[in-house]
Amino acid sequence: LGARTSLGSTAAFIVAVLYLWIGMNMTEVMNGMEMTAFGTLLLVFVLTYQAGSAMSFALVPLLLLCRFEAVFYLSCALFFMAFLAADPRGRERAVSHIIVVMIGFAVITAWRFQIFGSFLPTTVWAKMNAPYSVDGLADLIRKVRGVSDFISINAALLVATGLIMAALRTWRSEILRL
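Bear in mind the structure is a predicted one, so any value in this text is a computation, not a measurement. (Residues numbered from 1 in each chain as written. Predicted model: local features only at pLDDT ≥ 70, side-chain atom pairs only at ≥ 80, totals over all residues. Heavy atoms only, no water.)

(A) View of the overall build of the protein. In terms of helices and strands, the protein carries nine helices and zero strands. From first element to last, N terminus to C terminus, the protein shows the α and β order α-α-α-α-α-α-α-α-α. Out of the 178 residues in the protein, the part that is buried amounts to 24%. Summarising the internal contacts of the protein: among those between residues at least 6 apart in sequence, 59% fall at separations of at least 24. In the structure as shown, the protein presents an accessible area of about 12300 Å², 73% of it carried by carbon and sulfur atoms. (Helix = DSSP H or I, 4+ residues; strand = E, 2+ residues; numbered from the N terminus. Buried < 20%, exposed > 50% of the residue type's maximum accessible area, 1.4 Å probe, protein only. Contact = heavy atoms within 4.5 Å. Areas by Shrake-Rupley, 256 points an atom, 1.4 Å probe, with all protein chains shown as cover.)

Here it is as C-alpha cells:
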C-alpha cells in the first residue's frame, strides 16, 4: 500500500492495522464466505486498475454482485481517485470506472427487482431479522466486540506477523549494507 501510493510505509501499516481492528469488519468476515470472495476480487481490481488493464472494468460487475455495498465502496474510492489524480488521464480513467459502476449497479438493481420484486438483495432482508439483528444497544455492543474476537482468534497470527516483519526489516538492512 505504501509503495504504490503517496502514503509512507508507516502510515500504510497504521491504516491496515486500524482496518483489521474494526469490529464490524471482523464480524462480517466471520459471518460469510462472500467476504473472502469480495476481498480477493477487490485485490485483483486494485492491481489491474493500477496496471492500467481493461480487466478492471470487467471486475466491477463481479464486485457489485458479490456485495451490495460495493457500489458505495467503489464509488467513493474512485471519486477520490478522480479528485486527487495528478494527470487528466488518471482522472478520466477513474471517472470511466465510476460510470461503469453506476451502469452496472443500475442493471443489477433492475434485474433484482424484476426477479425478486425488491431493490434490496435478499441477504439484506435476511440480516434485518434475527439472529443477525438485535434491537438496541446489544447489537452495537456485539459488533464492537469484534475487536476482542479478532485478537483472541488471531493473537498467534498477529505475533508471528510482527516477528516476521521485524526479521524482514533486519534482513533487508543487512542486504543493503553489502
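(B) Summary view of the side chain of Arg93. Its location among the elements puts Arg93 in helix 6 (residues 88-116). Here Arg93 occupies a buried position and makes no salt bridge, while the nearest side chain of opposite charge, Asp87, is found at 9.6 Å. Sequence-distant contacts of Arg93, defined by excluding residues within four places in its chain, comprise Thr48, Tyr49, Gly52, Ser53, Ser56 and Phe57. (Lys, Arg positive; Asp, Glu negative; His and termini not counted. Salt bridge = Lys/Arg side-chain N within 4 Å of Asp/Glu carboxyl O.)

(C) Up close: helix 3 (residues 34-51). With 18 residues, helix 3 ought to run about 26 Å at 1.5 Å a step, and its terminal C-alpha atoms sit 25 Å apart, in line with that. Immediately beyond the C-terminal end of helix 3, within one or two residues, lies Gly52, with a positive phi of roughly 80°. (Expected span 1.5 Å × (residues − 1).)

(D) How the structure looks around a nonpolar patch on the surface. Taken together, Phe79, Phe80, Phe83 and Leu84 make up a surface patch of nonpolar side chains, about 500 Å² in accessible area. Residue position: Phe79 is located in helix 5 (residues 70-84). Exposure remark for Phe79: the relative accessible area of 48% places this residue in the partly exposed category. (Patch = residues over 30% accessible without salt bridge, like charges linked within 9 Å, V, L, I, M, F, W, Y side chains within 5 Å.)

(E) Region of interest: the nonpolar core. Residues Phe45, Leu63, Leu64, Leu74, Leu78 and Val101 are the most contacted members of the largest nonpolar core, which totals 17 residues. Elements with a minimum of two residues in this core: helix 3, helix 4 (55-66), helix 5 and helix 6. Broken down by element, the residue count for this core peaks at five residues, all from helix 5. The contact partners of Leu63, leaving out residues within four places of it in the chain, are Phe38, Leu41, Leu42, Phe45, Ala70 and Leu74. (Core = buried A, V, L, I, M, F, W, Y, C linked by side-chain atoms within 4.5 Å.)

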